[in-house]
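Residue-level structural notes
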Amino acid sequence: DGGITQSPKYLFRKEGQNVTLSCEQNLNHDAMYWYRQDPGQGLRLIYYSQIVNDFQKGDIAEGYSVSREKKESFPLTVTSAQKNPTAFYLCASSISPTYKNIQYFGAGTRLSVL
Amino acid sequence: GQNIDQPTEMTATEGAIVQINCTYQTSGFNGLFWYQQHAGEAPTFLSYNVLDGLEEKGRFSSFLSRSKGYSYLLLKELQMKDSASYLCAVSGRAGGSYIPTFGRGTSLIVHP
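A brief structural summary. (Residues numbered from 1 in each chain as written. Chains lettered and ligands numbered in written order. Predicted model: local features only at pLDDT ≥ 70, side-chain atom pairs only at ≥ 80, totals over all residues. Heavy atoms only, no water.)

**Digging into the state of the cysteines**
Residues and elements named next belong to chain A. Put simply, the rule is: We call a pair of cysteine sulfur atoms a disulfide when they lie within 2.5 Å. Going along the chain from the N terminus, every DSSP run of H or I of four or more residues is numbered as a helix, and every run of E of two or more is numbered as a strand. Throughout, exposure labels follow a simple rule: accessible area from a 1.4 Å probe, protein chains only, divided by the maximum for the residue type, with under 20% read as buried, over 50% as exposed, and the rest as partly exposed.
Throughout the structure, instances matching the rule amount to 2 disulfides over all chains. One disulfide bridge connects Cys 23 with Cys 91, the sulfur atoms lying 1.9 Å from each other. Between Cys 23 and Cys 91 the sulfur-sulfur dihedral comes to about -75°; the bridge is accordingly left-handed. Within this pair, whereas Cys 23 is found in strand β3 (residues 19–25), its partner Cys 91 is found in strand β9 (residues 87–94), the two being separated by 68 residues in sequence. Residue Cys 23 is classed as buried on the basis of its relative accessible area, which comes to 0%.

**Notes on a nonpolar patch on the surface**
Rules: Patch construction takes residues with relative accessible area above 30% that form no salt bridge. Like charges are linked within 9 Å, and nonpolar side chains (Val, Leu, Ile, Met, Phe, Trp, Tyr) are linked within 5 Å. The accessible surface values rely on the Shrake-Rupley method and a 1.4 Å probe; as for residues, cover is taken only from the protein chains in view. Salt bridge, as applied in this entry: a Lys or Arg side-chain nitrogen positioned within 4 Å of an Asp or Glu carboxyl oxygen.
The grouping of A:Tyr10, A:Phe12 and A:Leu114 at the surface amounts to a nonpolar patch, some 380 Å² of accessible area in total. Tracing the chain through its elements places A:Leu114 in the segment after β11 (109–113).

**A look at the interface of chain B and chain A**
What counts is decided by this rule: Contacts are residue-level and defined by heavy atoms, with any inter-residue pair within 4.5 Å sufficient. Polar contacts, as used here, are pairs of N or O atoms within 3.5 Å; protein pairs need one atom able to donate a hydrogen and one able to accept it. Residues neighboring in sequence count only if both atoms are side-chain atoms. We call Asp, Glu, Lys and Arg charged. Ala, Val, Leu, Ile, Met, Phe, Trp, Tyr, Cys and Pro are nonpolar, and the rest, Gly among them, are polar.
Across the boundary between the two partners, chain B contributes 22 residues, which contact 23 residues of chain A. The tally of links between chain B and chain A comes to 0 salt bridges. The interface formed by chain B and chain A holds 4 residue pairs in polar contact (both at pLDDT 80 or more) in total. Taken together, the residues of the side of chain B that touches chain A break down into 13 nonpolar, 7 polar and 2 charged.

**Remarks on the sheet that holds strand β6 (residues 53–57) of chain B**
All names here are of chain B. For clarity, the threshold we go by: Strand pairing is assigned whenever DSSP identifies at least 2 bridges connecting the two strands. Fitted lines through C-alpha atoms serve as axes, helices being fitted only where they are in contact, and the angles separating the N-to-C directions of these axes extend from 0 to 180 degrees.
A sheet is described by the order of its strands in space; here 5 strands give the open sequence β1-β3-β8-β7-β6, paired in antiparallel fashion. Looking at strand neighbours, the two that pair on one side only are β1 (3–5) and β6, the edges of this open sheet. Between one strand axis and the next, the sheet turns through 15° on average, direction left out of account. Direction of pairing for strand β7 (residues 60–65) relative to strand β8 (residues 70–75): antiparallel, over a ladder of 6 bridges. The partner of Phe 60 across the bridge, within β8, is Leu 75.

**Regarding the pattern of salt bridges**
Evaluated as defined, the whole model comprises 6 salt bridges over all chains. Among the ionic pairs, A:Asp30 bridges to A:Lys71, the shortest N-O distance being 3.3 Å. Linking A:Asp30 in the loop between β3 and β4 (31–37) with A:Lys71 in the loop between β7 (64–66) and β8 (76–78), this pair joins segments that are 41 residues apart in sequence. By relative accessible area, A:Asp30 is classed as partly exposed at 31%. A salt bridge links B:Glu56 to B:Lys76; the shortest N-O distance between them is 3.7 Å. Separated by 20 residues along the polypeptide, B:Glu56 in strand β6 and B:Lys76 in the loop between β8 and β9 (84–94) bring together distant segments of the chain. Members of the salt-bridge network, linked through shared partners, are A:Arg36, A:Asp38 and A:Arg44.

Set out below in structure tokens:
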């Protein structure tokens, strides 16, 4: 089945540690996105990528890093510089970041700090 | 930048009709989306409006007025499974792309 797979479902981070969240899609979509969702809040854009080897900062990129070496994969690293990382992280993809870019979301990764 | 406003919470009765409003301010408008998100799950696409008017899809309809910066999502014949958060997202221009900005979501509670 085509879709977006995020792993792990739950992740725990220790003080000063970097952690990486995985996002893989087999929809052949060009654009991929990372959002953060806090309780009772909407989705806030962290990073997005339109094509392989290119990505742009979103509204809250500080403390995060991404790579886009393959079309199917867009991993997100939460660095130790992100002081409040506890949140629900959602990865999404769309055919292209232009007209009518309907987004398809993965099931999410819930990150907590130990 | 973009500013999107929708009510935080609404309640309704099973079988009834509910209207969830969304107002927005944006530059380079390229469409408005509605997504449904059940607690702890991923958002799923419901509707897309880019021209003024009403789009109907089964029990769900979405309306857009670009001149007023206003949209609503209409849910008919409410079912218990419609209890969820409804996210309004507006697509605006960012460089050569159109990136949706999401509102905070409206939590809908359907009771018997």
